[in-house]
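Below, each chain spelled out in residue letters.
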Amino acid sequence: TSNLAGQSLFFLISIYLNATILGFISLILRLISIPSAFLSKNLGDVFYQEISLLNKEDSYEKIKNFTKKLTLYSFVTYFVIYIIFENYFVFMFGEQWADAVVYVKYLLVVAVFSFIFSPLTMLFNYFEIQNYNFFWQFTWLISNIFIFILYEHMDFSIEILFLIYTIKQVFL
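Computed from a prediction, not measured in an experiment: that's the story for all the values here.

Novice: Looking at this model, I keep getting lost on the packing of helix H4 (residues 60-93) against helix H5 (residues 101-117). Mind explaining?
Specialist: A packed helix pair is summarised by two numbers, namely the angle formed by the two axes and the spacing between the axes. Axis separation between H4 and H5 bottoms out at 8 Å; the angle between their running directions is 165 degrees. The pairing of H4 with H5 is recorded here as roughly antiparallel in orientation. The handedness of the crossing between H4 and H5 comes out as right-handed. Taken together, the residues of the contact of H4 with H5 sort by class into 16 nonpolar, three polar and one charged.

Novice: Would you take a moment to explain the pattern of salt bridges for this structure?
Specialist: Once the charged atoms of two side chains with opposite charge are near each other, the side chains can pair. Taken as a whole, this structure holds four salt bridges when the rule is applied. The salt bridge involving aspartate 45 is made with lysine 41; its shortest N-O contact spans 2.9 Å. Of this pair, aspartate 45 and lysine 41 both sit in helix H3 (residues 34-51), four residues apart, which is roughly one turn of the helix. Lysine 41 gets classed as partly exposed once you look at its relative accessible area, which sits at 47%. Note that lysine 105 is salt-bridged to glutamate 159, the shortest N-O span being 3.3 Å. Here lysine 105 is found in helix H5, whereas its partner glutamate 159 is found in helix H8 (residues 158-171), with 54 residues between them in sequence. Of the residues examined, lysine 105 reaches a relative accessible area of 41% and is grouped as partly exposed.

Novice: Can you help me understand the layout of surface pockets in this one?
Specialist: Gaps between atoms show up when a probe of the same size as a water molecule is rolled over them. Estimated volume of the largest pocket: approximately 1,200 Å³. Lining the largest pocket are 35 residues, and of these Gly6, Ser36, Ser114, Ser118 and Trp140 sit closest to its centre. Of all elements in the fold, only helix H1 (2-16), helix H2 (19-32), H3, H5, helix H7 (130-154) and H8 reach the threshold of two or more residues within the lining of the largest pocket. When its residues are assigned to classes, the lining of the largest pocket shows 19 nonpolar, 14 polar and two charged.

Novice: I would appreciate a short explanation of the packing of aromatic side chains in the present structure.
Specialist: Given two aromatic rings, their pairing is described by the distance between the two centres and the angle made by the two planes. Applying the stated rule across the entire model yields 14 aromatic pairs. The interplanar angle of 35 degrees and the centroid separation of 6.3 Å between the aromatic rings of phenylalanine 24 and tyrosine 103 together place this pair among those described as tilted. With phenylalanine 24 in helix H2 and tyrosine 103 in helix H5, this pair connects stretches of sequence that are 79 residues apart. Assigned by exposure class, phenylalanine 24 and tyrosine 103 land together as buried. Through successive ring pairs, a cluster of aromatic residues spans Phe24, Tyr103 and Phe162.

What counts, and where the lines are drawn
Residue positions are given per chain, counted from 1 along the sequence in the order it is written. Only residues with pLDDT of at least 70 are given local features in this predicted model, and only at 80 or more are side-chain atom pairs given and counted; all residues enter the totals for whole chains, interfaces and linings. Excluding hydrogens and water, the side-chain figures rest on all heavy atoms present in the structure. To get an axis, fit a line to the C-alpha atoms, keeping to the stretch in contact for a helix; angles then go from 0 to 180 degrees between the N-to-C directions. Helix and strand assignments follow DSSP, with helices taken as H or I runs no shorter than four residues and strands as E runs no shorter than two, numbered in order from the N terminus. Any angle that falls under 35 degrees is termed roughly parallel, while one over 145 is termed roughly antiparallel, one within 65 to 115 roughly perpendicular, and all others oblique. Left-handed describes a crossing whose near helix is turned anticlockwise from the far helix through less than a right angle; right-handed describes the clockwise counterpart. The nonpolar class holds Ala, Val, Leu, Ile, Met, Phe, Trp, Tyr, Cys and Pro. Asp, Glu, Lys and Arg form the charged class, and all remaining residues, Gly among them, are polar. A pairing counts as a salt bridge when a side-chain nitrogen of Lys or Arg comes within 4 Å of a carboxyl oxygen of Asp or Glu. Burial status follows relative accessibility: with a 1.4 Å probe on protein chains alone, a residue under 20% of its type maximum counts as buried, one over 50% as exposed, and anything between as partly exposed. Buried and open spaces are told apart on a 1 Å grid over the protein atoms alone, a cavity being a set of points where a 1.4 Å probe fits but cannot get out and a pocket being an open set with protein on both sides within 12 Å along at least five of seven lines. Residues with an atom within 4 Å of a point are the lining residues. Grid points are joined across faces, edges and corners, and a volume is the space filled by probe spheres set on the points. Under the pairing criterion, centres of Phe, Tyr and Trp rings, with the six-membered ring standing for Trp, must be within 6.5 Å; the plane angle then separates stacked pairs below 30 degrees from edge-to-face pairs above 60, leaving the rest tilted.

Structure follows, in structure tokens:
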């Protein structure tokens, strides 16, 4: 379910929007997910090794401190990325990509929270509550589908679609 939920945005964009927007979103997400792919994942791997040596009762303080560290790294990293995108994206990729900058602000918010929570998903295994992970992933997938169906029937702008998607991502 997690791969399906994670890739559902691209699938739904291809159905409900168009190839140009899919290209914009795909490129932006690839570029802004680089810090998450390297830094967040590596921090998460080290963290998981450390807490796996602790009793579950003794791990809560370590989890809290790790979450604070991820939050700080995420906000600093994505603030810098926002400045770069806002000022240099069109210069680097050309005027035909100017419309893509509209989506950056929404996708960066998603990336900030993804950077923080992706490594923390290992806690489902640590606390042996994988059934909650399944429920979370399933809810994520269904809510993505619901948002795009709502978009189609309510006839609101693509920007509102991404605003709703971003809000949903922050809470899920």
